[in-house]
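Residue strings, one per chain:
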Number of protein chains: 4
Amino acid sequence: MSDQKYFQNITTRERAIFEGAITMGALFHQFVGTPVSIDSVPSLEKAIEESLALQPCINAVKVKINREMLEKAENEYEYLSLTGDMLDVRVSSQYQDVKVVVRMQYIKELEYPLMYVEEVD
Amino acid sequence: MSDQKYFQNITTRERAIFEGAITMGALFHQFVGTPVSIDSVPSLEKAIEESLALQPCINAVKVKINREMLEKAENEYEYLSLTGDMLDVRVSSQYQDVKVVVRMQYIKELEYPLMYVEEVD
Amino acid sequence: MSDQKYFQNITTRERAIFEGAITMGALFHQFVGTPVSIDSVPSLEKAIEESLALQPCINAVKVKINREMLEKAENEYEYLSLTGDMLDVRVSSQYQDVKVVVRMQYIKELEYPLMYVEEVD
Amino acid sequence: MSDQKYFQNITTRERAIFEGAITMGALFHQFVGTPVSIDSVPSLEKAIEESLALQPCINAVKVKINREMLEKAENEYEYLSLTGDMLDVRVSSQYQDVKVVVRMQYIKELEYPLMYVEEVD
């Protein structure tokens, strides 16, 4: 069992944070660049949520892609490439009795899609 | 209009092939690496199909991810990272009156997920 | 040999266009999202060039990432995620005696990183 | 400053683990799928290292791609798509006085490229 062998040096709480953080980094770098439009956005959100929820210790993933930005897309082709500033994501991870929510959202004052721990028991 | 300015040096048929090929290359490199299981495979197929169908001149995208390979996944976590050898894809592109189907499938004798033009009018 | 079996239905010129287009689509969707700064840009350009040049029929790949946009990055962390509007790329493909250059560059009037055939013999 | 506002609910040690984990998840999902051969492997390793080291709290990234697997590639094209089982990575993160090394390596008994905390002060 991997837990006994590889995760003895961190706490239960650190493990839950660790797994949530991996999944958030994975999500961003797997899906940024995907073509997306106002019509395709529900299927993309669902696929991101279901695929990343497979990772170790992940209970649920909730993804909201900014519809306003998609509606403003004025190029000839009426779609955009997914970017970090369109994404608002919550990854819920759990290890043993500790639950964590890792959040990513674009913070205007930072000009950056910040990932942080929103909740931790 | 981009067509008049940028695509005068190729034929209608070449344009249909060009756009189908771009989309197939895009599909592979956007989605390879995504976590996938026997349960999440329908949502991933749908998202790939809907997102890549947004690209210029693409009428439809049909994706089949190999269920047998997913069922054989025997690691502790019961999912795999999507690889080219799991994918069977048809991208239908059209420019004016010319329709093309670009196919990708894993060819055992080549040990390679080959992309080729399956149909062209 | 795959050429005899899978590529009988297209011309030599179409094959060169096909392979160049696949590689351009691949390049965009593999590398968009990568963290990049004014200091790391040379190594990223080189890796993109060398990795995509491995694909079938590709002679050379030339990538220029827009330094001005990187210098303007004013977030706290002084790097950006690579986007299509930072990229100017030429992919040189060849099949038998036909050489093609596929170009991608951001076209302001289209608000879109356009891929097109820049040269073809 | 983002630290005061968003990271008050976790410890210094948890923050170092959090940032290392994000970067490891990012690395895997950004670069898996990239074409790689025995000749291109040094430039790819360097670009991965330099790009991911840009992320918050990351001091260094060390990537080793398995040469043996590349030498065994016997398809017609003599390259492979990068997969998790070729990668051995160490991400060194630091927040204030706490240093952490996050490791990813393919564990045969798990049939899985495991990410774990290898060192923590």
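Going by the structure above, here's the rest.
Here the structure is a predicted model, which means the values were calculated and not measured.

## Thoughts on the interface of chain D and chain A
Each partner contributes to the interface: chain D provides 31 residues, whereas chain A provides 31 residues. When chain D packs against chain A, close to 2700 Å² is buried across both sides, 63% of that on carbon and sulfur atoms. Three residues stand out in chain D for area buried against chain A, namely Tyr-6, Phe-18 and His-29 of chain D, and they jointly supply 23% of the buried area on that side. Counting every contact that joins chain D to chain A gives four salt bridges.

## Brief notes about the interface of chain C and chain D
A common way to express how large an interface is: the accessible area buried when the components associate. With 25 residues of chain C at the interface, the matching set in chain D holds 25 residues. Each partner contributes to the roughly 2000 Å² buried at the junction of chain C and chain D, and carbon and sulfur atoms together form 58% of this total. When the buried area of chain C at its contact with chain D is split by residue, Gln-30, Pro-35 and Leu-54 of chain C rank highest and sum to 27% of it. At the boundary of chain C and chain D, one finds zero salt bridges. Viewed at the interface, chain D and chain C are joined by seven residue pairs in polar contact (both at pLDDT 80 or more). Among the secondary structure elements, those contributing two or more residues to the side of chain C that touches chain D are α2 (12-31), β1 (35-36) and α3 (41-52) of chain C. For the side of chain C that touches chain D, the leading source of residues is α3 of chain C, giving seven residues. Its residues placed into classes, the side of chain C that touches chain D shows twelve nonpolar, nine polar and four charged.

## A look at helix α3 (residues 41-52) of chain A
The end-to-end C-alpha distance of α3 of chain A, which contains twelve residues, comes to 17 Å, matching closely the 16 Å that a straight helix rising 1.5 Å per residue would cover. Most of α3 of chain A sits out of view: nine of its twelve residues are buried. If you check which residues of α3 of chain A are buried, you get Val-41, Ser-43, Leu-44, Glu-45, Ala-47, Ile-48, Glu-49, Ser-51 and Leu-52 of chain A. Buried residues along α3 of chain A sit in contact with α2 (12-31), β1 (35-36), β2 (58-65) and α4 (67-71) of chain A together with β1 (35-36) and α3 (41-52) of chain B.

## Things to note about the sheet that holds strand β5 (residues 98-107) of chain B
The pairing of strands in a sheet happens through backbone hydrogen bonds and is either parallel or antiparallel. Residues and elements named next belong to chain B. Strand order in this open sheet of four strands is β2-β4-β5-β6, and the pairing throughout is antiparallel. Every interior strand has two partners, whereas the edge strands, β2 (58-65) and β6 (112-120), have only one. The average angle at which neighbouring strand axes cross in this sheet is 15 degrees, direction not considered. Relative to β6, β5 runs antiparallel, the two sharing eight bridges.

## Looking at the relation of the copies chain D and chain A
Between chain D and chain A, the superposition needs a rotation of 180 degrees and an axial shift of 0.0 Å, giving an RMSD of 0.0 Å. On the angle and the small slide along the axis, the relation comes out as a two-fold axis. Looking at the interface residues of chain D, 100% of them are also at the interface in chain A, so both copies use one shared face.

Quick notes on the rules
- Residues numbered from 1 in each chain as written.
- Chains lettered and ligands numbered in written order.
- Predicted model: local features only at pLDDT ≥ 70, side-chain atom pairs only at ≥ 80, totals over all residues.
- Heavy atoms only, no water.
- Contact = heavy atoms within 4.5 Å.
- Buried area = accessible area lost by both parts, 1.4 Å probe.
- Salt bridge = Lys/Arg side-chain N within 4 Å of Asp/Glu carboxyl O.
- Polar contact = N/O pair within 3.5 Å; in protein donor to acceptor, adjacent residues only side chain to side chain.
- Helix = DSSP H or I, 4+ residues; strand = E, 2+ residues; numbered from the N terminus.
- Nonpolar A, V, L, I, M, F, W, Y, C, P; charged D, E, K, R; others polar.
- Expected span 1.5 Å × (residues − 1).
- Buried < 20%, exposed > 50% of the residue type's maximum accessible area, 1.4 Å probe, protein only.
- Pairing = 2+ DSSP bridges.
- Axes fitted to C-alpha atoms, helices over the stretch in contact; angles between N-to-C directions.
- Least-squares fit on C-alpha atoms with pLDDT ≥ 70 in both.

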